[in-house]
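Report on the structure
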Amino acid sequence: MTSLLSELSATAGAAFAAEGFLPELGQIQLSDRPDLAQFQCNGALAAAKQAKGNPRQIAERIRARLTESALFEEITIAGPGFINLRLKDAILESRLQTLAARPDSALPASGRGKAAVLDFGGPNIAKPMHVGHLRSAIIGDCLQRLFRANGWNISSDVHLGDWGLQMGQLISELAIRFPGLPYFAPGDHSPYPVESPVTMDDLERLYPEAAAACKNDPARLEAARCATVELQAGRPGYRALWQHFVEASAEGLRREYDSLGICFDEWRGESDADPLIPGIIEDLKDRGLAVIDQGALIVDVSEPSDTVEVPPLILMKSDGAVNYATTDIATIVQRVRDHDPDLILYVVDQRQHLHFQQVFRATRKAGLAGHAVLEHVGYGTVNGKDGKPFKTRAGGVMKLYDLISMATDEARKRLAEAGLATEYPPEEQARIAGAVGIAAIKFADLSNNRVSNYIFDLERFTKFEGKTGPYLQYAAVRIKSVLRKAGDERQKSALPVIRSEEERALALQLLSMPEALESAETRRAPNLICDYVFRLAQNFSRFYTEHHILSEADVDLKGGRLGLCELTLSEIERLLMLLGIEVPERM
Ligand code: ARG
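Here we summarise the structure given alongside this text. (Residues numbered from 1 in each chain as written. Predicted model: local features only at pLDDT ≥ 70, side-chain atom pairs only at ≥ 80, totals over all residues. Heavy atoms only, no water.)

Neighbouring the ligand are Asp 119, Gly 122, Asn 124, His 133, His 159, Tyr 324, Asp 328, Tyr 346, Val 348, Gln 352 and Phe 356. With respect to the ligand, the side chain of Asp 328 contributes an N or O atom lying 2.7 Å from a nitrogen atom. One of the side-chain nitrogen or oxygen atoms of Gln 352 is found 2.8 Å away from an oxygen atom of the ligand. A total of 350 Å² of accessible area belongs to the ligand in isolation, and the protein chains cover 89% of it. Elements that contribute at least two residues to the shell around the ligand include exactly helix H11 (324-339) and strand E10 (343-349). Its residues assigned to classes, the shell around the ligand comprises four nonpolar, five polar and two charged. (Near = heavy atom within 4 Å. Polar contact = N/O pair within 3.5 Å; in protein donor to acceptor, adjacent residues only side chain to side chain. Areas by Shrake-Rupley, 256 points an atom, 1.4 Å probe, with all protein chains shown as cover. Helix = DSSP H or I, 4+ residues; strand = E, 2+ residues; numbered from the N terminus. Nonpolar A, V, L, I, M, F, W, Y, C, P; charged D, E, K, R; others polar.)

Summed over all chains, the structure comprises 44 salt bridges. The salt bridge involving Asp 157 is made with Arg 335; its shortest N-O contact spans 2.7 Å. A residue pair is termed long-range when its members are at least 10 positions apart, and Asp 157 in strand E6 (residues 153-157) and Arg 335 in helix H11 qualify at 178 residues. The exposure classification of Asp 157 matches that of Arg 335, with both residues buried. Arg 586 is the salt-bridge partner of Glu 428, the closest N and O atoms lying 2.8 Å from each other. Of this pair, Glu 428 sits in helix H14 (residues 426-447) while Arg 586 sits in the segment after helix H20 (555-578), and the two are 158 residues apart along the sequence. Under the relative-accessibility criterion, Glu 428 is labelled buried at 15%. (Salt bridge = Lys/Arg side-chain N within 4 Å of Asp/Glu carboxyl O. Buried < 20%, exposed > 50% of the residue type's maximum accessible area, 1.4 Å probe, protein only.)

A separate point is the packing of helix H6 (residues 165-177) against helix H7 (residues 200-216). The interhelical angle for the contact between H6 and H7, taken along N-to-C directions, is 95°, at an axis separation of 9 Å. In terms of axis orientation, H6 runs roughly perpendicular to H7. For the pair H6 and H7, the contacting residues are Gln 166, Gln 169, Leu 170, Glu 173, Leu 174 and Arg 177 in the first and Leu 203, Leu 206, Tyr 207, Glu 209, Ala 210, Ala 211, Ala 213 and Cys 214 in the second. Its residues assigned to classes, the contact of H6 with H7 shows nine nonpolar, two polar and three charged. (Axes fitted to C-alpha atoms, helices over the stretch in contact; angles between N-to-C directions. Parallel < 35°, antiparallel > 145°, perpendicular 65-115°, else oblique. Contact = heavy atoms within 4.5 Å.)

For the rest of this paragraph, the subject is helix H9 (residues 236-259). Every α-helix carries 3.6 residues per turn, so stepping three or four residues along brings you back to the same face. In this model, H9 (24 residues) spans 35 Å end to end at C-alpha, consistent with the 34 Å of a helix rising 1.5 Å per residue. With its phi angle positive at about 70°, Gly 261 sits one or two positions after the end of H9. (Expected span 1.5 Å × (residues − 1).)

Turning our eyes to something else, we now look at the pairing of strand E3 (residues 72-78). Here E3 runs beside strand E4 (residues 82-87); their pairing, made up of six bridges, is antiparallel. Opposite Ile 77, over in E4, you have Ile 83 as the bridge partner. What sits between E3 and E4 in their antiparallel hairpin is a turn of three residues, with Gly 79 showing a positive phi close to 50°. (Pairing = 2+ DSSP bridges.)

This part is about the nonpolar core. With 184 residues, the main nonpolar core has Phe 245 and Leu 579 as its most contacted residues. Residues in contact with Leu 579, not counting those within four places in the same chain, are Cys 142, Lys 442, Phe 443, Leu 446, Pro 526, Ile 529, Cys 530 and Val 533. (Core = buried A, V, L, I, M, F, W, Y, C linked by side-chain atoms within 4.5 Å.)

Following the sequence through the fold, Arg 177 ends up in helix H6. Sequence-distant contacts of Arg 177, defined by excluding residues within four places in its chain, comprise Leu 206 and Glu 209. Among the polar contacts made by the side chain of Arg 177, one reaches the side chain of Glu 209 at a distance of 2.5 Å.

The next thing to look at is the packing of aromatic side chains. The way to describe two aromatic rings as a pair is by their centre distance and the angle between their planes. Scanning the model with the defined rule gives 19 aromatic pairs in all. Considering the side-chain rings of Phe 120 and Phe 264, the 4.6 Å spacing of their centres and the 35° angle between planes classify their relative orientation as tilted. One end of the pair, Phe 120, is in the loop between strand E5 (115-119) and helix H5 (131-149); the other, Phe 264, is in the loop between H9 and helix H10 (277-286), and 144 residues separate them in sequence. A relative accessible area of 10% means that Phe 264 is categorised as buried. The interplanar angle of 45° and the centroid separation of 5.4 Å between the aromatic rings of Tyr 346 and Phe 360 together place this pair among those described as tilted. (Phe/Tyr/Trp six-rings, centres within 6.5 Å; stacked < 30°, edge-to-face > 60°.)

As a further point, take the state of the cysteines. Using the criterion set out here, one finds zero disulfides in the structure. Between Cys 226, a cysteine without a disulfide, and Cys 214, which holds the nearest cysteine sulfur, the sulfur-to-sulfur distance is 11 Å. (Disulfide = S-S within 2.5 Å.)

Moving on to the packing of helix H4 (residues 89-101) against H20. The axes of two packed helices give the description: the angle between them and the distance between them. In contact at an axis separation of 11 Å, H4 and H20 are set at 55° when each is read in the N-to-C sense. One element, H4, and the other, H20, form an angle in the oblique class. The hand of the H4/H20 crossing is left-handed. Mapping the contact onto sequence places Leu 96, Leu 99 and Ala 100 in H4 and Leu 564, Leu 567 and Glu 571 in H20. (Left-handed = near helix turned anticlockwise from the far one by under 90°.)

Now the structure itself:
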């Protein structure tokens, strides 16, 4: 089904064409002044400019044409030549009927036939996930849900950080602490033990210590560098030890993503593309794209139009170790080979913008990206109430795990204050509190413009009033409860009836979902979904306050209103699902 707005635009476009103007001038949008009109068309002004005519007269001619279409209740001309439009209620009703019969018709299908790889999450082996990684996970997951809903063929990859200096730091730290382990003896002693010598907890404790040691002692840093080079070169004991690190870490990471309801199609890491690196380096050298500079192998990625300097990309350091940038280039080659995507999106901290600029330029320059568009989808930082990056009370990095349990506690408190879910069995209460806590965190994150920084304020995020995740969950639960109470009287086939202003406003909102989803996709902007679902809930709330539903005596009206409830619920649930937010059965 074409969306309501595109159908109206096509009708107006035909009217413009019939008057000898470009059909694009018939673009129709929701009115900026809902008190005056439902829709507006500003094309007469542009037409007048082009034809050097009088805009009001042109608007009159368009109005005369539109009057013939039988869609409009009222067409008026305002100011210098704005055309204001109001649809017939019957048109809204029939549109809603189609929507009820085929809910998927509200999806824009903008991605049909297109494939994309989504790179998000990006946690690092042995380092705990922090709020920065949380943003990547939440935004990336929302985009994967949205793109899929819009028809894209998506492959998501967590892209573990498993190949850099931190691996060498850990190996050399263990070599100092447990020199007797078989991994450190020269030569190949495989098979190495199956059991890991360290747990995830050990790693989380060891890594900060190793990193601090390297910072304070150049000899330790040198040892870590050597271990990194040897690991990458394939030293068997180091590879075996590294495998343990990856497995121990990945298990914990999977648990954390699970608790957030976030799934990836692929659990690959930087190391997966490593086998491709020697070939890529040879090729770039042969073609003169990579050159030696002060011992390192670099690619010049500057462009004549640069206003700020873009430094060269370092493909291989003088010690032979490869970089974050090198594995990113090789991963593009791998993705192009495996998925042949039209688009690769990287949902990564905005502060890595230069890194991606260098990687994308080098990859394009070398013609390695196939037909894929490469795009960095950056985001801002999460700050504490002091405006500085969010930390624990003790000043440490806030771990994701702790953050989720804080949110659940806060949610439990709020539910109790609001008298919600208090009488349910304890397991159900716990489940609801968990879902509310996660909804609070996710919605707060997604509703901000992605590149802005925001302040982490659990107290505000968990409120049941205002623009929050819990408010929207509650809005959906309330509709569920109305429908449950309606029970048998709820006629599935009940046609939505549009009689009042509140019903009209709700109907118009319900019918503009395709546009909201499409612009959220084009702008990679989850906040547009948040805005839309919040407006929808507000419109519903006005309708609900102003009308009797269960106590309505007129059966048709009652059925029609229940029909509106069902449609609204199904849209809210779908939109919250796109945000990764679960709706409990009751609260
Ligand atoms: N591991 C990186 C970090 O923690 C993020 C990885 C993002 N993805 C990528 N292909 N570079 O900063």
